[in-house]
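Coordinate inspection notes
One letter stands for each residue in the lines below.
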Amino acid sequence: MGDVRATVGGKGPERQAVTPTWAAARSATSTSGCPPALGPSPVRERAHRSFPKEIEHFDIDRIVKAYGAAARRAREGGLDGIEIAAMAGHLIDQFWSPRTNHRTDEFGGTLENRLRFGHMVLEEVRKEVGDDFVVGMRVPGDEGAAGGLTPADCVGIATAMARTGKLDFLSVIYGSGNTDRELADVIPVYGRPLGAHLPVAAAIRKEVGIPVFHAARIADLPTARHAIDGGYADMVGMTRAHIADPHIVAKLLAGQEERIRPCVGATYCASRVETFCLHNPATGREAVIPQLVSPAPTTKRVVVVGGGPAGLEAARVCAARGHHVALLEAADRLGGQMIPAARTPRHAEKAGIIHWLAQETKHLGVTVRLNCLAELLSALAVVQFQDDLALQHEAVVDGRRRVHTVGLQWLVSLTDRLRDTLATASPGERGSTTCHSAVEQVLGHALAACAVHAGQARGHIQSLRLKAQ
Ligand SMILES: Cc1cc2nc3c(=O)[nH]c(=O)nc-3n(C[C@H](O)[C@H](O)[C@H](O)COP(=O)(O)O)c2cc1C
Ligand code: SF4
């Protein structure tokens, strides 16, 4: 059999595995374009609302073969291994669980009968992929629901599967997928303890004698270390942690653990078809927003208005591109709407978004000005009294993408025009430019004064006429 530690945990850059499941199982929706949903018994699944057809013997034969064919394709496609999904309401564990298996034939009733289908699948898969390919199985350690598989049941099932000698590893979860409530045990959200189900994995690890993986709110490296050092699991999955920051391992290897973008458990990533992340806007949009920020061809000076998550992210990316960035925030602290959003204890982890962004912007050298309302008057004040800031910043990003943050946007466009006018003027020459609003007229005077004062202009502005509207 394959060496699971070398393959799944190896250092090579191309270690990949995939999870074969059975998408037409009871947990399919009737509108998803799949064949009709099937189950060991016609028990409706509340989460997906399907009424499954009871699997007949000819169904079992073709489905078992389909598992094997899928595994073979995975191998032929160059993958290193597979994990067979037998948890959270997939077909194999539907046979295992008394909640969903009411059969009276050789696939129902006793544990031995309920295990039969899973054994058939495993045998077919191993036959198709051979012994030198990693095959694991994802199993429940406790379904955590009335009438479902108990911890003792799960230890028995896991032990039976491991004893076949056909598995390289088991991946243990807690929960089932029958309802959204139960699925929330499998993918626990913020407010739920970190690594809460580790003892469930440990109970199985103690018995099975093959490596055990576990995933569920192992959101950061300290929790991962605790899981491994404490003997709860041989390897941990960090699914959402990698959705929030796909470069966890690279940062760890580079000695930059403190720069890992933390997953805050909001589970926006699992709330829709696309895997988007509440914290990381690049996730799921890599084609247009790369995860790794590359340097800009030319360096600019950027003012970001607003120190909420969007403004901070804009400042972070601009700074990472090499621009000189100043961020203006009206309040006395960073965070914007995240401050009230993270106020209750259950939601407190969301504050991690702001902590990380504040830390990153600091690391990247962003100048942060708190208590700085970027409306007209403050913009004017910036122009008049802080010419270093006003005249040297040539671009503005509005974190909320709202036009009415403004004073600064007008300021910028006017700055550009004034700079062009002034740059081409001879010393002492009088010039003029046109303003599009009374606001620009006021700002223009201030700018001109500052420009001359700062020695950036060779001429000076004589008049700023208000363009007829
Ligand atoms: C967007 C998303 C998609 C997932 N898809 C699968 C899947 O196809 N198969 C599976 O076994 N688990 C799937 N999971 C569950 C994860 O494998 C994992 O068990 C769960 O997210 C808890 O681990 P975490 O706290 O590290 O995210 C998915 C989770 C998320 C967030
Ligand atoms: S949306 Fe992002 S931060 Fe929230 S749980 Fe998913 S990966 Fe973590």
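Look up: the structure comes first, before these words.
This section reports on the structure supplied with the text. What you see is a predicted model, and the numbers here were worked out from it, not measured in a lab. (Residues numbered from 1 in each chain as written. Chains lettered and ligands numbered in written order. Predicted model: local features only at pLDDT ≥ 70, side-chain atom pairs only at ≥ 80, totals over all residues. Heavy atoms only, no water.)

The helix and strand inventory of the protein stands at 17 helices and 14 strands. Classification of the 469 residues of the protein by burial places 48% in the buried group. Restricting the contact set of the protein to residue pairs at least 6 apart, pairs at least 24 apart contribute 67%. Carbon and sulfur atoms form 54% of the exposed surface of the protein, whose accessible area is close to 22600 Å². (Helix = DSSP H or I, 4+ residues; strand = E, 2+ residues; numbered from the N terminus. Buried < 20%, exposed > 50% of the residue type's maximum accessible area, 1.4 Å probe, protein only. Contact = heavy atoms within 4.5 Å. Areas by Shrake-Rupley, 256 points an atom, 1.4 Å probe, with all protein chains shown as cover.)

Further remarks concern unusual backbone geometry. A positive phi angle, near 55°, is found at A88, a position not held by glycine. Structurally, A88 is set in the loop between β4 (81–85) and α3 (91–96). With phi around 60°, R217 is a residue other than glycine that occupies positive phi space. Within the secondary structure layout, R217 lies in the loop between β7 (212–214) and α8 (221–229). R217 gets classed as buried once you look at its relative accessible area, which sits at 5%.

Take the site of ligand 2 next. For ligand 2, the set of nearby residues contains 13 residues, the closest of which are C263, A266, T267, C269 and C277. Grouping the amino acids of the shell around ligand 2 by side-chain chemistry returns nine nonpolar, three polar and one charged. (Near = heavy atom within 4 Å. Nonpolar A, V, L, I, M, F, W, Y, C, P; charged D, E, K, R; others polar.)

What follows is about helix α13 (residues 351–363). Under the 1.5 Å per step criterion, the end-to-end length of α13 is 18 Å for 13 residues, consistent within 8% with the ideal 18 Å. Of the positions making up α13, those classed as buried are G352, I353, I354, W356, L357, E360 and T361. On its buried side, α13 packs onto α11 (309–320) and α12 (338–341). (Expected span 1.5 Å × (residues − 1).)

As a further point, take the pattern of salt bridges. Per the stated rule, a full pass over the model turns up 23 salt bridges. As a salt-bridge pair, D185 and R192 come within 2.8 Å of each other at their nearest N and O atoms. Assessed through its relative accessible area of 4%, D185 is described here as buried. One salt bridge in this structure joins E313 and R316, with 3.1 Å as the shortest N-O distance. Within this pair, E313 and its partner R316 are both found in helix α11, separated by three residues, close to a single helical turn. (Salt bridge = Lys/Arg side-chain N within 4 Å of Asp/Glu carboxyl O.)

It is characteristic of soluble globular proteins that their nonpolar side chains tend to be buried jointly. Core analysis: the biggest nonpolar cluster contains 42 residues, and I84, W96, F117, M137 and L170 have the highest contact counts within it. Of all the elements in the fold, those that place two or more residues in this core are α2 (57–76), β4, α3, α4 (111–129), β5 (134–142), α5 (151–163), β6 (169–174) and α7 (198–208). Not counting chain neighbours up to four residues away, the residues in contact with M137 comprise E83, I84, A86, I92, W96, M161, L167, F169, L170 and S171. Listed in part, the 17 residues of the second largest apolar core include V264, V325, M338 and I353. (Core = buried A, V, L, I, M, F, W, Y, C linked by side-chain atoms within 4.5 Å.)

Following both chains from N to C, one finds α4 and α5 inclined at 40°, their axes separated by 11 Å at the closest point. By the angle between their axes, α4 is oblique relative to α5. For the pair α4 and α5, the crossing hand works out as right-handed. Between α4, through L111, L115, G118, H119 and L122, and α5, the contact on the second element is made entirely by I157, A160 and M161. In the contact of α4 with α5, the residues fall into six nonpolar, two polar and no charged. (Axes fitted to C-alpha atoms, helices over the stretch in contact; angles between N-to-C directions. Parallel < 35°, antiparallel > 145°, perpendicular 65-115°, else oblique. Left-handed = near helix turned anticlockwise from the far one by under 90°.)

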